[in-house]
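Commentary on secondary and tertiary structure
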Amino acid sequence: MANPSFSSLHAVADRQAESADAAASTTPAAEGFAPRPDINRVLDVPAEVTDQVRRVFPVQWPRYYLDLAEQQGPDSAVARMGRPRLTELVQDQGDIADPIADRRQRPVPFVVQKHADRVIILATKKCHFYCRFCFRREEPVARAMELSRADWRCIFDFLRANPDIKEPILSGGDPLTLTDEHLAWVRSELETIPSVTHWRIHSRAPVHYPARVTTGLTAALQGRLPLRLVCHFNHRDEQTPQSLAAVARLQAAGVQVENQAVLLQGVNDSLAAQQALWQGLAAAGVKPRYLHHPDRVAGNAPFRVSIEQGRRLYTAMTQTLDPEQNPRYVIDLPDGTGKIPVAAMERQADGTYRYQHPDGRLSVYQDWC
Ligand SMILES: *Cc1c(COP(=O)(O)O)cnc(C)c1O
């Protein structure tokens, strides 16, 4: 198979809806994925629904993760996170276009910068599994061009020209859909930039597709630069012997593993679910990073929680979880000012929220309910 990450996919000008799914399934290890009829059966979804929804945002399940959904049933957290629903095709009053102003802050293509010392690199549009709540679901996979080597060189030049940037963060999509060779190349290029002191990967692969964490992968990631991998467990049900073993393999290779979760209606919006999630991670040596308030992107309305609902839950978490196990509860604001602590937002008489940034700037947020 041609290496999809190196070949320029500019030729994918074909905007046929079908191709969203086809492009998604060209991940490096296609053999570990479930056929669509199995997905429909396990999730109890009519084939017509999946076929309509996947035209907008791909539907793909690693066999391992679909087996989990099958064991845990159609109402489980795992099934809910990946079940295609017709609501994904319907506009909602609460939708915000570009909900975290990611698309307005790209100094070079595929780079998002909101901080002086770190940037996000959108290393790919592909994922092993497509979370239905994804805040980047508006960037369709088929239409999105994958990075060519020339695009990567532009990014390396940008980092070299901006020595304040110490930590490039590979995100996406899921950067671990790139091949080992590609990741090793990116790492070795980053190593040649004197101002880069460490790097980071944001990936859900250990959760959805633990078999991706091979000795070949860990070898590709090891080098001069310390690496942090921020994974994305949303529920204790995802902490299986397989996913925890994948985490342990990363840790054994010297990777610091942290976790960020998204607060999701009907998935993990109870105190018991949050306690089990973060206590389980602590037992596995995974540091808590963020609990993200869900971003209001078109198509993910059923997963949203209100600021007040989130605050009540987080107060209870703060009162009951060991401080070492408690993540920071943050929202990424639509005005592009970045992540702020939800607890520090001040509710106004008119129902809006205000937040004063440490540098004096003021943000105003309007909840959807
Ligand atoms: C979240 C984010 C980061 C990483 O921020 P941390 O607080 O270090 O996790 C960096 N850049 C952008 C644009 C982000 O949205």
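Predicted model only: the values in this text are computed from it and were never measured.

**A few points about unusual backbone geometry**
Note that the residue after Gly-172, namely Gly-173, is joined by a cis bond; omega there is 10 degrees. Within the secondary structure, Gly-173 sits in the loop between β3 (167-171) and α7 (180-191). Of note in the backbone geometry, Asp-44 takes a positive phi value of approximately 60 degrees without being a glycine. Mapping Asp-44 onto the fold places it in the loop between α2 (36-43) and α3 (47-53). The backbone phi angle of Ala-101 is positive, close to 55 degrees, even though this residue is not glycine. Along the chain, Ala-101 turns up in the loop between α5 (77-82) and β1 (111-112). According to the C-beta neighbour criterion, Ala-101 is partly exposed, with 18 such atoms within 10 Å.

**Structural notes on the sheet that holds strand β11 (residues 353-356)**
Strand order in the open sheet formed by 3 strands is β10-β11-β12, and the pairing between neighbours is antiparallel. Sheet topology places β10 (346-347) and β12 (362-365) at the edges, where each strand pairs with a single neighbour. In this structure, β10 lies alongside β11, joined through 2 bridges in antiparallel fashion. The partner of Arg-347 across the bridge, within β11, is Tyr-353.

**As for the packing of α2 against helix α4 (residues 63-72)**
Across the interface, α2 lies against α4 with an axial gap of 9 Å and an inter-helix angle of 25 degrees. Relative to α4, α2 is oriented roughly parallel. When the axes of α2 and α4 are compared, the crossing they make is left-handed. Facing Asp-38, Ile-39, Val-42 and Leu-43 of α2, the residues of α4 in contact are Leu-66, Ala-69 and Glu-70.

**Digging into the site of the ligand**
Every residue close to the ligand is listed here: Val-112, Lys-114, His-115, Arg-118, Ile-120, Ile-169 and Lys-339. Within the shell around the ligand, the residues separate by chemical class into 3 nonpolar, 1 polar and 3 charged.

**Details of the UniProt feature "modified residue: N6-(pyridoxal phosphate)lysine" (unreviewed entry) in the protein**
Look at the UniProt record and you will see "modified residue: N6-(pyridoxal phosphate)lysine" (unreviewed entry) annotated at Lys-339. Inspection of the secondary structure assignment puts Lys-339 in strand β9 (residues 339-341). In this structure Lys-339 comes out as partly exposed when scored by C-beta crowding, with 16 C-beta atoms within 10 Å. Residues in contact with Lys-339, not counting those within four places in the same chain, are Val-330, Ile-331 and Asp-332.

**Brief notes about helix α12 (residues 307-320)**
In this model, α12 (14 residues) spans 20 Å end to end at C-alpha, consistent with the 20 Å of a helix rising 1.5 Å per residue. Looking at α12, one finds that the buried residues are Gly-310, Leu-313 and Tyr-314. Axial view of α12: buried residues confined to an arc of 100 degrees, hence all on one face. Exposed and oriented more than 90 degrees from the buried face of α12 are Glu-308 and Gln-319. Elements in contact with the buried residues of α12: α11 (271-283) and β8 (328-332).

**Structural notes on the environment of Ala-245**
Residue position: Ala-245 is located in helix α10 (residues 241-252). The exposure class of Ala-245 is partly exposed, given the 14 C-beta atoms found within 10 Å. It is 36 Å that separates the C-alpha atoms of Ala-245 and Arg-106, two residues lying 139 residues apart in sequence.

**Description of the pairing of strand β2 (residues 118-122)**
Burial analysis of β2 places 4 of its 5 residues in the buried class, which makes it a mostly covered element. As paired strands, β1 and β2 are joined by 2 bridges and run antiparallel to one another. Pairing of Val-111 across the sheet is with Ile-121, part of β2. Both β2 and β3 contribute to a ladder of 5 bridges, which runs parallel. Bridge pairing in β3 places Arg-118 opposite Glu-167.

**Comments concerning the packing of α11 against α12**
One way to put it is that α11 packs onto α12 with a least axis distance of 10 Å and a crossing angle of 50 degrees. When the interaxial angle is binned, α11 and α12 end up oblique. The handedness of the crossing between α11 and α12 is right-handed. The segment α11 lies against α12, with Leu-271, Gln-274 and Gln-275 engaging Leu-313, Ala-316, Met-317 and Thr-320. Residues that form the contact of α11 with α12 fall into these classes: 4 nonpolar, 3 polar and no charged.

Thresholds, definitions, all that
All residue numbers refer to positions counted from 1 along the written sequence of the respective chain. Side-chain atom pairs in this predicted model are given and counted only at pLDDT of 80 or more, local residue features only at pLDDT of at least 70, and totals for whole chains, interfaces and linings cover all residues. Helix numbering and strand numbering both begin at the N terminus, where a helix is a DSSP run of H or I of at least 4 residues and a strand a DSSP run of E of at least 2. Using C-beta atoms placed from the backbone, we call a residue buried if 20 or more other C-beta atoms fall within 10 Å of its own, exposed if 12 or fewer do, and partly exposed for counts in between. Pairing between strands is defined by DSSP: at least two bridges between the two strands are required. To define axes, lines are fitted to C-alpha atoms, for helices over the stretch in contact only, and angles between the resulting N-to-C directions are given on a 0 to 180 degree scale. Comment on the angle field: the value is read as roughly parallel under 35 degrees, roughly antiparallel over 145, roughly perpendicular from 65 to 115, and oblique elsewhere. A clockwise turn of the near helix away from the far one marks a right-handed crossing, whereas an anticlockwise turn of less than a right angle marks a left-handed crossing. Distance between backbone-placed C-beta atoms decides contact: two residues are in contact if it is within 7 Å. We call a residue near a molecule or strand if the C-beta atom, set from the backbone, is within 6 Å of it. When residues are sorted by character, Ala, Val, Leu, Ile, Met, Phe, Trp, Tyr, Cys and Pro go into the nonpolar class, Asp, Glu, Lys and Arg into the charged class, and all the rest, Gly among them, into the polar class. UniProt positions are given in the numbering used here, feature names are shortened, and annotations may be inferred rather than shown by experiment. A helix is expected to span 1.5 Å multiplied by its residue count minus one. Relevant arc is that of directions from the helix axis to the C-beta atoms, nothing else.

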